[in-house]
Amino acid sequence: MPGALGFPLSVLFALAPASLAIGAPTMSRLESVQLEAKGAGSVLRLELSRATPHRFFLLDSPRRAVIDLESTRAASALRWPTAAPGVRALRSGKRPNEGFRVVVELDGTASATLRQPVGSGARQVLVLDIGATPSAAPDAAMGATAAAQAASDSTAPSGQVRPVRAVHAPPESGRDVIVAIDAGHGGVDPGAIGRGGTREKDVVLDIARALAERIDRAPGMRAVLTRDGDYFLSLRQRIGRARDARADLFVSVHADSVRDPSVSGSSVYILSTKGASDEQARWLAERENAADLKGGISLDDKDQTLASVLLDLSQSASISASMEAAERVLRRLNGVNEARRPTVQQAGFVVLKSPDIPSMLIETAFISNVGDERRLRDDAYRQRLAEAIFRGVRGYFEDYPPEGTLFAARRRQTEPPLALNER
C-alpha cells in the first residue's frame, strides 16, 4: 500500500483504472464459483445472475485478492472449490448494505487480475487470472508510446487500493504511519461564523488538536498539524506541509455553513475525478519545480505523455485509498452526529489535490445550524468528534497497513490463517 514510497512503476501500471461497475437495481445472486488450473497458475470464474457493481483490490501480509460485490447473495447450493496452483484457499463473507465479499488467498507474491469476458449476456461473468510472481514493470526510461500502451493494455481492476508509504521508511522498519491533520481557515480567515458568534477556525483547531493527541498516543501512529495556532495558511501551503511530512494520510477538518439553518449533520469528502484532472494539468505545467511522486518517480525527465500516464495512475490509486479511509471515518462520525449524507461525497477541494497522498475533508457539523453550533461549543462533543475520526483513521491503517510500518508488522504477527469458505 512497494518501491521506496509505495508506488514503484510496477505498482503504478498495475493500478490503471478500468470501469467495471454496471448498475444493478435489484439483488444479484452468485450462482457458480469455478477454480481451474491453467499453466503455472489458475483461473477463478464467478457467475452472477445479473450485471453487478463490483470492486477488486489486492492485499499483502498475507497476499490476497479481494472481490467486493454490491447487492449480492450467494446461492444456497453454491459449492466452493478448494486450492489450486497459486491459490491457497477461498473464503467469502457478507458485507454491509447487502454486499458480498470473495477472498482468494494467494501463494507468496502471486499476481492476480480481474477481467470481464465480452458477450456474457444479461448474466455477468467475472474471471480472476492468477499467475506466478509478476514480471518486472516497464522500465522508467521507456518511451512514452510504449508506456502509454502498457497502461492501456492493462487488465488491472478498478478501485484497487495500495497504501502510500513515506519516503523515509526503509522496508520492515516498523515506522509510524504519519497523519497530517489540517485545521481549516485561521488567522485573517475565520471561516464560517455561527449565529452565536462561534468561529469555525477556533472549533476545528480544537478538534484537530484533540485528534492529534489521540493519534500520538496510539502505538504506530504520529500526527503532524498543518497549523497549531491562529494563523493563515494558503491551501497550497497546507498540501505542501503534508508532503514535507511524508504523510500517509491527509485529514482536513471543517465545520460547514449553508443558507438553510435547518441543515445539520456531518459530511466527508474526497477528491472528484474532475478535480484530479485539473490538478494533473497543473502538475504537468509545473513539473520541473514539483516534488517527486511517491516511489521516487520524478516527472521532470519524462516527456509529456509518459508524465501524464504516471500522474493519472498515481492519482487514481490515491483516490481509491481516500475512499477506503473516508468510508471508515464517515461510519464513525454517524454515531456522534448523524451524517448529512450516508455516503462519501466527491468534490474538487484544492486541499485534497495531492496526487499521491490519500486525502479527505471532514465537515464535522453545520455551524450555521443552531443545534450543531451549540454542540460544537461543547468540549465533550468536540472530543467525541475527534475520537470518531481517530477510530476511522486507525481502522483504515489496520485494514490497509503500509509496508514498513508497525501496523504491517503487527498484522503479520497476529493475523490468523484464513479459513476455507468462512462466512
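The shown structure was predicted, so the numbers you read here are calculated from the model rather than taken from an experiment.

Tallying secondary structure elements over the chain gives nine helices and 15 strands in all. Carbon and sulfur atoms form 49% of the exposed surface of the chain, whose accessible area is close to 17800 Å².

What follows covers the nonpolar core. Soluble globular proteins: nonpolar side chains tend toward being buried together. With 65 residues, the main nonpolar core has Met221 and Met360 as its most contacted residues. With residues near it in sequence (within four places) discarded, Met360 still touches Leu249, Phe250, Val251, Ser252, Val268, Tyr269, Ile270, Ala325, Ala326, Val329 and Leu352. Counting residues in hydrophobic clusters, the runner-up holds 27 residues, among them Leu69, Ala75, Val87 and Ala112.

Turning our eyes to something else, we now look at the pattern of salt bridges. A complete count under the given rule lists 23 salt bridges for this structure. When the shortest N-O distance is used, the salt bridge between Glu324 and Arg55 registers 2.4 Å. Taken as a pair, Glu324 in helix 6 (residues 304-334) and Arg55 in strand 3 (residues 54-59) lie far apart in primary sequence, 269 residues in all. Like Glu324, the residue Arg55 is buried in the burial classification. One salt bridge connects Asp248 with Arg175, and the closest N-O pair in it is separated by 2.8 Å. With Asp248 in the loop between helix 4 (235-244) and strand 12 (249-256) and Arg175 in the loop between helix 2 (144-153) and strand 10 (177-183), the pair connects residues that are 73 residues apart, well separated along the chain. You can call Asp248 buried: its relative accessible area is 1%. Residue classification places Arg175 among the buried residues on the basis of a relative accessible area of 8%. Each of Arg55, Asp68, Arg101, Glu324, Arg328 and Asp399 takes part in salt bridges that share partners, so that together they form one network.

Right, let's talk about the side chain of Asn337 for a bit. Within the fold, Asn337 resides in the loop between helix 6 and strand 14 (345-347). Taking relative accessible area as the criterion, Asn337 reaches 6% and is therefore assigned buried. A distance of 3.4 Å separates polar atoms of two side chains, one belonging to Asn337 and the other to Ser266. Aside from chain neighbours lying at most four places away, what touches Asn337 is Gly265, Ser266, Thr364, Ala365, Asp372 and Tyr381.

Here the chain averages 75 in pLDDT, and 69% of its residues register 70 or above. Averaged over each element, pLDDT in the chain is lowest for helix 2 (33) and highest for helix 3 (residues 200-217) (96). Every residue in residues 1-25 is under pLDDT 50, and counting partners more than four places away or in other chains gives 97 contacts. Under a pLDDT of 50 for its full length, residues 275-292 has, in the predicted model, 36 contacts with residues more than four places off or in other chains.

If you check the backbone angles, His185 has positive phi at about 65 degrees while not being a glycine. Of note, His185 is situated in the loop between strand 10 and helix 3. The residue Arg246 is not glycine, and still its phi comes out positive at about 55 degrees. When its relative accessible area of 31% is taken as the criterion, Arg246 is described as partly exposed.

Okay, helix 3 next. With 18 residues, helix 3 extends 26 Å from end C-alpha to end C-alpha; this agrees with the ideal 26 Å at 1.5 Å per step. Taken together, the buried positions of helix 3 are occupied by Glu200, Lys201, Val203, Val204, Leu205, Ile207, Ala208, Ala210, Leu211, Ala212, Arg214 and Ile215.

Time to look at the pairing of strand 11 (residues 221-225). Direction of pairing for strand 10 relative to strand 11: parallel, over a ladder of five bridges. Bridged to Val179 within strand 11 is Ala223. Of the crossover connections in this fold, the one passing from strand 10 over helix 3 to the parallel strand 11 is right-handed.

Its location among the elements puts Ser42 in strand 2 (residues 41-48). In this structure, the C-alpha to C-alpha distance between Ser42 and Pro85, residues 43 residues apart in sequence, is 5.7 Å. In contact with Ser42, not counting residues within four places along its chain, are Leu35, Glu36, Ala37, Ala84, Pro85, Val87, Leu128, Asp129 and Ile130. Only 2.5 Å separates the side chain of Ser42 from the backbone oxygen of Pro85, close enough to count as a polar contact.

Turning next to the sheet that holds strand 9 (residues 124-131). In space, the five strands of this open sheet follow the order 5-1-2-9-8, with mixed pairing throughout. Of all strands in the sheet, those bounded by a partner on one side alone are strand 5 (72-74) and strand 8 (111-115). Neighbour-to-neighbour, the strand axes of the sheet open up by a mean angle of 30 degrees, direction not taken into account.

Reading the values: rules and limits
Residues numbered from 1 in each chain as written. Predicted model: local features only at pLDDT ≥ 70, side-chain atom pairs only at ≥ 80, totals over all residues. Heavy atoms only, no water. Helix = DSSP H or I, 4+ residues; strand = E, 2+ residues; numbered from the N terminus. Areas by Shrake-Rupley, 256 points an atom, 1.4 Å probe, with all protein chains shown as cover. Core = buried A, V, L, I, M, F, W, Y, C linked by side-chain atoms within 4.5 Å. Buried < 20%, exposed > 50% of the residue type's maximum accessible area, 1.4 Å probe, protein only. Contact = heavy atoms within 4.5 Å. Salt bridge = Lys/Arg side-chain N within 4 Å of Asp/Glu carboxyl O. Polar contact = N/O pair within 3.5 Å; in protein donor to acceptor, adjacent residues only side chain to side chain. pLDDT = per-residue confidence, 0-100. Expected span 1.5 Å × (residues − 1). Pairing = 2+ DSSP bridges. Right-handed = clockwise from strand over helix to strand, strands pointing away. Axes fitted to C-alpha atoms, helices over the stretch in contact; angles between N-to-C directions.

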